[in-house]
Amino acid sequence: MALETEQYNAERERINKRREYLDLQEYQQEQNTGRPWGLALSGGGIRSATFCLGVLQALARARRTDRSEDKPLLARFDYLSTVSGGGYIGSFFSSLFLPNRLRGTVAGQPPQSPYDAAQDAYAVFRYEPPGKISTATDYSRAPVGSGPGAWLRENGRYLTPTGGGDMFYALAMAWRNWLSLHFVIGMPMVLALSFLFLVQTSLGINLFVWPLVALVVLALPCALAYWLIIPRQSLTEAPSLANLAYRATFGVAAALLVLSLLAYGLGYSPRVAVLAFCFAVIAGSGLLITSLLVRKLALNEEGNTLRNYRVLITRYLSNAIIAVVTLLLLASVATLAQDIYSVLFKQFGLVSVGVLPTLIWLVRKLALLKDEKALPAWSLKLPLEVLALIGGTLLGMVVCLVWALFVLWVANGGRDQVLSAQGNLSLLIVGALALALIVVAARFVGFLNLSSLHTFYASRLTRAYLGASNGRRFTATSGARERSVAEPLADDDISLETYYGTQTAGPLHLINVTMNLTVDPAEQLVQRDRKGKPLCLAPHGWTVNGGRPTNYMLDGVSYQRGPSPSQPSEIMLPLSLGQWIGTSGAAFSTGLGRTTSLGMSLALGLANVRLGVWWSSQFLSEGETHYRHKDPRWVRRFPTQSYLFYELTAHFHGHRRDLHYLSDGGHFENTAAYELVRRERDIALIVVCDCGCDPSYQFDDVANLVRLARIDQQLDIREDLTVQHHPVLSQVFGSISHFQQPPAKDSKKCALLLDVFDTTDETEPPLPQCRILVLKPRLIASLTPDVFNYALANEAFPNQTTADQFFDEAQFESYRQLGLSIGRMLFGEEGTVDPVSSALWHYLNLP
């Protein structure tokens, strides 16, 4: 636990330092008054980012009316935890605290102090209203908040900011990556099909013989081998071949072999001879597999039990069944390709061009449905997982069929004829070329990330949100290129070492992502239910034994990191802040945390709807001083194809492989409060912006947080019922049942108060160790006319689909104003004594 202790100690040191910069030394962590506060910005795409922007603006303008300090309320928050869309605006906010980030470096002047950078950061959020970006404006003479605010508003369409030209750019990128992906997928198919066709034409072997051989040699013997080891006393004893079942099977196999030879030699019946020989092969293969597995277990003293034998042989059987099904599908596709080649070749060529885009469009629509918590009523009656599996299988078969037609076309020299031995040379050549390309592709494992949508998505997020804090875009000399979001600037993005390694007065930013995990024999229940672990990026302040800096906490545990492997690869390069924020928001991908399934992974993978990223942590196991490869030898030789296969088939091993698949932090926990409620951080107040798509106000994300906190951290989170009867606070605080009712025109209810209790605390009566203030996007009475007008024209507001990442001016301003109004309702405004905020701080009794 040394690493965890160092992690939290380093965080406390940074908190004390930021308070020193901000002149908040009256909050000493050694006393109860110094307990940190945390701000959690949830997932929800640009909808969440824009609403949270309004809340941050309200906090930057509010003051504690019950205290004499003249500091913005936002300065009191020591932690900032973000997921997905919350990370968009959270990274922008935190980057403002980097000295000289927004103002730039002026020759002859000393670097900006952390205090001055903080004042600029708060000034940006106090600036109102956001203007417009213009090359004619000298932002060096304008208020410091004019440029960043306008930049955010004008770039609500961050994926296609310049309209049609950007749409064609995105289309070209998606088309190129999709073709490249299927080229890498297709080469193993071409190699296998060339071999099958070559054997068929040379030896006259029917293609359906191969799955039959796999059934006889692998699947049925594995099924038989389960019954060949029986216990003598208990299941914990070592498996032994000295038992009646094994000996009897040996005798039967020998008898069947003799019978088959006699029947064949005497010409009695060829069918009887073949049938007897097949049964002999099944029995003999079963004996061989049993012997090999017993010997394998004998080498492992602790695992040498009959119970383990049965588990392993069942796994072998499942793999054998997969092999049989795969060969059967491959034989079916290859046979179908030969049947339609000469009959419908030209027509099918046209059909395939239309079928593939149609299937891909359906897959993308299914992905959008899967992301929303409130599905259309008709979709609730559909078995989406089964449909995804059927769709993914059909899409895979169409892809395989296209490649089979290509192989036939090459073998036939482009002529309309039946496959024959005349094409064997062509089959050899195309198979050899496919093998060479497989070997070459295996050397470029960085293809896994470059072929996905992650690079495009992360780069657009970087320009739209981190570009807003890049002072180079707002200098007096900046021109059209710097003022255009379509033009990337090298200093828009920030390295993680700079972002976390620079001591600032900003809050400690925790970035949450999900490490997908579907293959973990040690944690079957977790593997089936959660299918992922929380990976949290936190500011580091130390290195361990001279190793690499420790920024990462996996499921609450910090790991020492080993050096990078000697083999150079783009995938081994460190991810920047923009890339991490893009990963935290990778909602549509092959790895979906608890909702991961084979069908969805296959369908989304083949359609190249892949926003996640493969990443190497280089985590060292306990006692290790140097990183040891965890991949099997065949994976290390063909990493590109192996990990692509893992991704398409939903095989995610977590950190038990060299590369780990990371996706949206909301795939594990979407409120971003999971890390903040840890006892070690000892946070007194957490303000949560719960912006997940929740039109029926079921509070699914809050329920998930409550469940995870109870199971993982022994914390009991309950609704605070007393506040709902408070004479003042009851106007704005409601219960979950209140939110599920249509809001009245004069309703101001927009918040939920939760108390966190330590279940290990035996104090009577129990006292909450933390309070959670949940802000929920909802129509309230004090909204401005333009927001009400937008709500009337858009019935789904403020819970429009997360798939909508193209906010126009009215949409952006409506969500921002909603967050600002709700923040004002709870925390008051600068220079005013607000009865609600005064009552709130008195009720919470927090220093």
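Residues numbered from 1 in each chain as written. Predicted model: local features only at pLDDT ≥ 70, side-chain atom pairs only at ≥ 80, totals over all residues. Heavy atoms only, no water.

Student: Help me understand the overall build of the chain in this model?
Tutor: On a plain count of helices and strands, the chain comes out with 26 helices and 12 strands. Here the chain holds 847 residues, and 55% of them are scored as buried. Summarising the internal contacts of the chain: among those between residues at least 6 apart in sequence, 75% fall at separations of at least 24. Carbon and sulfur atoms make up 62% of the accessible area of the chain, which amounts to about 37,100 Å² in all. (Helix = DSSP H or I, 4+ residues; strand = E, 2+ residues; numbered from the N terminus. Buried < 20%, exposed > 50% of the residue type's maximum accessible area, 1.4 Å probe, protein only. Contact = heavy atoms within 4.5 Å. Areas by Shrake-Rupley, 256 points an atom, 1.4 Å probe, with all protein chains shown as cover.)

Student: Would you explain the pairing of strand S1 (residues 37-41) in this entry?
Tutor: Remember that side chains alternate between the two faces of the sheet whenever the strand is regular. Burial of S1 is extensive: 5 of the 5 residues sit out of reach of the surface. Neither face of S1 is open: one carries Trp37, Leu39 and Leu41, the other Gly38 and Ala40, and all of them are buried. Summarising the sheet, S1 and strand S9 (residues 685-689) pair through 5 bridges and their orientation is parallel. Opposite Gly38, over in S9, you have Ile686 as the bridge partner. By the bridge criterion, 4 bridges tie S1 to strand S2 (residues 79-82) in an arrangement that is parallel. Residue pairing in the sheet places Leu41 in a bridge with Thr82 of S2. (Pairing = 2+ DSSP bridges.)

Student: Teacher, can you tell me more about the UniProt feature "transmembrane region" (unreviewed entry) in the chain here?
Tutor: The positions UniProt marks with the feature "transmembrane region" (unreviewed entry) are residues 178-199, 205-229, 241-266, 272-295, 316-337, 384-406 and 426-450. Segment residues 272-295 splits into 100% helix and 0% strand. End C-alpha atoms: 35 Å apart. Structurally, residues 316-337 comprises 100% helix and 0% strand, and the distance from its first C-alpha atom to its last is 31 Å. (UniProt positions renumbered as here; feature names shortened; annotations may be inferred.)

Student: How should I be thinking about the side chain of Gln112 in this particular structure?
Tutor: Residue placement: Gln112 occurs in the loop between helix H3 (85-95) and helix H4 (114-126). Polar contacts involving the side chain of Gln112 include one to the main-chain amide nitrogen of Asn100, which spans 2.8 Å. (Polar contact = N/O pair within 3.5 Å; in protein donor to acceptor, adjacent residues only side chain to side chain.)

Student: Would you mind going over the pattern of salt bridges with me for this structure?
Tutor: Opposite charge on two side chains permits pairing when their charged atoms draw close. Using the criterion set out here, one finds 26 salt bridges in the structure. Across the pair Arg472 and Asp491 runs a salt bridge whose closest N-O atoms are separated by 3.5 Å. Within this pair, whereas Arg472 is found in the loop between helix H14 (454-466) and helix H15 (480-483), its partner Asp491 is found in the loop between H15 and helix H16 (496-501), the two being separated by 19 residues in sequence. The class of Arg472 is partly exposed, set by a relative accessible area of 36%. (Salt bridge = Lys/Arg side-chain N within 4 Å of Asp/Glu carboxyl O.)

Student: It is not clear to me how the nonpolar core should be interpreted in this structure. Could you clarify?
Tutor: It is characteristic of soluble globular proteins that their nonpolar side chains tend to be buried jointly. Counting residues in each nonpolar core, the largest one holds 118 residues, and the members touching the most others are Ile89, Tyr465, Trp580, Phe733, Leu773 and Phe827. Broken down by element, this core gets its largest block of residues, 9 residues, from helix H2 (residues 45-61). Residues from two domains meet in this core; each of domain 1 (454-468 + 495-604 + 615-663) and domain 2 (693-845) gives at least three. Grouped together as the second largest cluster of nonpolar side chains are 49 residues, Ala337, Leu395, Cys400 and Tyr661 included. (Core = buried A, V, L, I, M, F, W, Y, C linked by side-chain atoms within 4.5 Å. Domains from an automatic or database assignment.)

Student: Explain the environment of Pro563 here, please?
Tutor: Within the secondary structure, Pro563 sits in the loop between strand S6 (557-558) and helix H18 (577-584). Classification of Pro563 as partly exposed rests on a relative accessible area of 45%. For the pair Pro563 and His626, spaced 63 residues apart in sequence, the C-alpha to C-alpha distance is 7.2 Å.

Student: Just to check I follow, could you spell out the environment of Leu288 for this structure?
Tutor: Among the structural elements, Leu288 can be located in helix H9 (residues 270-298). Sequence separation between Leu288 and Cys222 is 66 residues, and the spatial gap between their C-alpha atoms is 9.9 Å.

Student: Help me understand the packing of helix H8 (residues 244-265) against H9, please; the structure alone is not making it clear to me.
Tutor: The axes of two packed helices give the description: the angle between them and the distance between them. Close contact between H8 and H9 brings their axes to 8 Å; oriented N to C, the two are set at 150°. In terms of orientation, H8 and H9 fall into the roughly antiparallel class. Where H8 crosses over H9, the two elements pack in a sense that is left-handed. Here Tyr246, Thr249, Phe250, Ala253, Leu256, Leu257, Leu259, Ser260, Ala263 and Tyr264 of H8 come into contact with H9, specifically with Val272, Ala273, Ala276, Phe277, Phe279, Ala280, Ala283, Gly284, Leu287, Thr290 and Ser291. Here the residues of the contact of H8 with H9 sort into 16 nonpolar, 5 polar and no charged. (Axes fitted to C-alpha atoms, helices over the stretch in contact; angles between N-to-C directions. Parallel < 35°, antiparallel > 145°, perpendicular 65-115°, else oblique. Left-handed = near helix turned anticlockwise from the far one by under 90°. Nonpolar A, V, L, I, M, F, W, Y, C, P; charged D, E, K, R; others polar.)

Student: I would appreciate a short explanation of the environment of Asp694 in the present structure.
Tutor: Relative to the helices and strands, Asp694 is located in the loop between S9 and helix H22 (700-713). The spatial distance from the C-alpha of Asp694 to the C-alpha of Lys776 is 9.5 Å, given a sequence separation of 82 residues. Apart from residues lying up to four places away in sequence, Asp694 is in contact with Phe699, Asp700, Lys776 and Asn799. Reaching out from Asp694, the side chain makes a polar contact with the backbone nitrogen of Gln698 at a distance of 2.9 Å.

Student: Honestly, helix H24 (residues 785-793) in this entry has me stumped. Any pointers?
Tutor: The periodicity of an α-helix, 3.6 residues per turn, causes residues three or four positions apart to be oriented the same way. Residues of H24 that are buried include every one of Val787, Tyr790 and Ala791, and no others. When H24 is viewed along its axis, its buried side chains cluster within an angular range of 100° and face the same direction. When the buried face of H24 is taken as reference, the exposed residues oriented beyond 90 degrees from it are Pro785, Asn789, Leu792 and Ala793. Buried residues in H24 make contact with helix H25 (809-827). (Arc of directions from axis to C-beta.)

Student: Even after reading the chapter, I still don't get the state of the cysteines, so can you show me in this structure?
Tutor: In a disulfide, the sulfur atoms of two cysteines are held together by a covalent bond. Within this structure, the stated rule accounts for 0 disulfides. Here Cys689 stays free of any disulfide, with the sulfur of Cys52 as its closest cysteine sulfur at 4.1 Å. (Disulfide = S-S within 2.5 Å.)

Student: Can you help me understand a nonpolar patch on the surface in this one?
Tutor: Together, Val209, Val213, Val217 and Leu218 line one region of the surface with nonpolar side chains, adding up to about 260 Å² of accessible area. Tracing the backbone through its elements, the reader meets Val213 in helix H7 (residues 209-225). Residue classification places Val213 among the partly exposed positions, given a relative accessible area of 38%. (Patch = residues over 30% accessible without salt bridge, like charges linked within 9 Å, V, L, I, M, F, W, Y side chains within 5 Å.)

Student: Sorry, what's going on with the packing of aromatic side chains here?
Tutor: The geometry of an aromatic ring pair is captured by two quantities: the separation of the ring centres and the angle between the planes. Across all of its chains, the model carries 32 aromatic pairs by this definition. Here the aromatic residues Phe92, Phe93, Phe97, Tyr122 and Phe125 are joined through ring pairs into a cluster of three or more. Directly above the aromatic system of Trp841 lies the positively charged group of Arg64, at a separation of 4.4 Å from the ring centroid. (Phe/Tyr/Trp six-rings, centres within 6.5 Å; stacked < 30°, edge-to-face > 60°. Lys NZ or Arg CZ within 6 Å of the ring centre and 35° of its normal.)

Student: Can you help me understand H4 in this one?
Tutor: Taking 1.5 Å per residue, 13 residues should reach 18 Å; H4 reaches 18 Å between its end C-alpha atoms and fits that length. Along H4, the residues that are buried comprise Pro114, Ala117, Ala118, Asp120, Ala121, Tyr122, Ala123, Val124 and Phe125. (Expected span 1.5 Å × (residues − 1).)

Student: Explanation requested: unusual backbone geometry in the structure shown.
Tutor: A cis geometry characterises the amide bond from Glu128 onward to Pro129, with omega recorded as -5°. Summarising the element assignment, Pro129 is placed in the loop between H4 and helix H5 (146-154). Here Phe797 and Pro798 are connected by a cis peptide whose omega angle stands at 5°. By the secondary structure assignment, Pro798 is in the loop between H24 and H25. Non-glycine residue Asp682 carries a positive phi angle of around 50°.

Student: Is there a simple way to think about the pairing of S9 in this case?
Tutor: With 5 of 5 residues buried, S9 is to be regarded as a mostly interior element. Side chains of S9 alternate between two faces, with Leu685, Val687 and Cys689 and Ile686 and Val688 buried alike. Across 5 bridges, S9 lies against strand S12 (residues 770-775) in parallel orientation. The residue of S12 that forms the bridge with Cys689 is Leu775.

Student: How should I be thinking about the side chain of Gln800 in this particular structure?
Tutor: Note that Gln800 resides in the loop between H24 and H25. Within the local environment of Gln800, its side chain forms a polar contact with the side chain of Tyr815, the two groups lying 2.8 Å apart. Those residues within four positions of Gln800 in sequence are excluded, and the remaining contacts are Arg47, Cys693, Tyr790, Asn794, Gln811 and Tyr815.

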